[in-house]
Amino acid sequence: MKHLIAIVFFLSSISLFSQDFNALKIRIGLLKTTSNFKVDSTGISKILVPTYYCDANEPANNWHVQDLNNDGLKDLIYSGPCQPYHQTAIFLNSKKGFQLVSDLPGKIIAITNNTNGTEIHSYNPSCCCDYYSSLIKVTINNTSAVEESTISFHDKTIITASDKLYSKTISGILRSTPELDDVITKDPCTGEKVNGNVIGTVENEYVTVLNQEKNWLLVLIKQNDTYSNLGWVQKPKN
């Protein structure tokens, strides 16, 4: 009986990892469609739009109307300019009016809705003296609970995912590109010394391997429940 329980648990774990990997591949694939989302402001003329500090234009230009938690009420998403970035702010509708539940840099690239709730995906490209881009997912379920998840990556890092993702424990130097570059330069914004394409280190970290290029692995490192970092690590020699 114990062996049967162990086998069931093992198969369940494989299934969960497979689901996570598939969701991750879909999420990364959204980076190819960063300008395809069209805001739908249908019905906004009948809605008292909440005051929002980024909204300097006509409401219909940047406000998206959609029921996000399947309660029959129309919710609002602002996605538009907010210097120096774009901003995506989510307002849930209730008897108390609109409540701001998420307010993050980035522009909507996709919204997916199902019977359990909604996922809002946004993208915040690197800008100015910030060299990191962010791929952000906000999940709102039918109880109006909100979860935020961010994947951060260097502006020189091109993200691709192979057909088969897997996880492993690894150590090494995290780099923005799959090459050895330890040339010391000066950051034009801060004047600090920069060590080539080094962006961090990995020490016995359990990572998700997204892709491989020769002897380099593109890895995703989960830093906490809401934030992950991504970069290249040289594949260990066997």
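Shown above is the structure to which this text applies.
These lines cover the structure that appears in this document, whether it is placed above or below. Predicted, not measured: the structure shown is a model, and the values here were computed from it.

**Concerning the pairing of strand S6 (residues 117-124)**
Here is step 1 of the chain: Of all eight residues that make up S6, seven are buried, and the element is covered over most of its length.
Here is step 2 of the chain: As judged from the seven bridges shared by strand S5 (residues 107-114) and S6, these two strands associate in the antiparallel manner. For Asn-113, the partnering residue across the bridge sits in S6 and is Thr-118.
Here is step 3 of the chain: Between the antiparallel neighbours S5 and S6 lie two residues.

**Here we look at the packing of aromatic side chains**
Here is step 1 of the chain: Counting across every chain of the model gives six aromatic pairs.
Here is step 2 of the chain: Ring centres of Tyr-52 and Phe-91 lie 5.8 Å apart, and the angle between their planes is 85 degrees; on these two criteria the pair is classed as edge-to-face. A residue pair is termed long-range when its members are at least 10 positions apart, and Tyr-52 in the loop between helix H1 (2-29) and helix H2 (59-62) and Phe-91 in strand S3 (residues 85-94) qualify at 39 residues. This pair shows no difference in class: Tyr-52 is buried, exactly as Phe-91 is.

**Notes on the state of the cysteines**
Here is step 1 of the chain: Here the structure, examined in full by the defined rule, presents two disulfides.
Here is step 2 of the chain: For Cys-54, the disulfide goes to Cys-82, at an S-S distance of 2.0 Å. Given an S-S torsion of about -55 degrees, the disulfide between Cys-54 and Cys-82 has left-handed geometry. In this pair, Cys-54 sits in the loop between H1 and H2 while Cys-82 sits in strand S2 (residues 75-82), placing the two residues 28 residues apart along the sequence.
Here is step 3 of the chain: Among the residues examined, Cys-82 registers a relative accessible area of 16% and is labelled buried.
Here is step 4 of the chain: One disulfide in the model links Cys-129 with Cys-189; its S-S distance is 1.9 Å. With the S-S dihedral at roughly -80 degrees, the linkage between Cys-129 and Cys-189 falls on the left-handed side. Within this pair, whereas Cys-129 is found in the loop between S6 and strand S7 (132-141), its partner Cys-189 is found in the loop between strand S10 (184-186) and strand S11 (193-195), the two being separated by 60 residues in sequence.
Here is step 5 of the chain: You can call Cys-129 partly exposed: its relative accessible area is 47%.
Here is step 6 of the chain: Overall, the relative accessible area of 38% leaves Cys-189 in the partly exposed class.

About the cut-offs
Counting from 1, residues in each chain are numbered in the order their sequence is written. Per-residue local features are limited, in this predicted model, to residues with pLDDT of at least 70; the limit for side-chain atom pairs, both in listing and counting, is 80 or more; totals at the level of whole chains, interfaces and linings are taken over all residues. Hydrogen atoms and water are omitted, and side-chain values are computed over all heavy atoms in the structure. In this scheme, a residue with accessible area under 20% of its type's maximum is buried, one over 50% is exposed, and one in between is partly exposed, where area comes from a 1.4 Å probe on protein chains only. The numbering of helices and of strands both runs from the N terminus, where a helix is a DSSP run of H or I of at least 4 residues and a strand a run of E of at least 2. Here, strands pair whenever DSSP counts at least two bridges between them. Note on aromatic pairs: the rings of Phe, Tyr and Trp (six-membered ring only in Trp) are paired at centre separations within 6.5 Å, and the planes decide the class, stacked below 30 degrees, edge-to-face beyond 60, tilted for the rest. Any two cysteine sulfur atoms within 2.5 Å of one another count as a disulfide.

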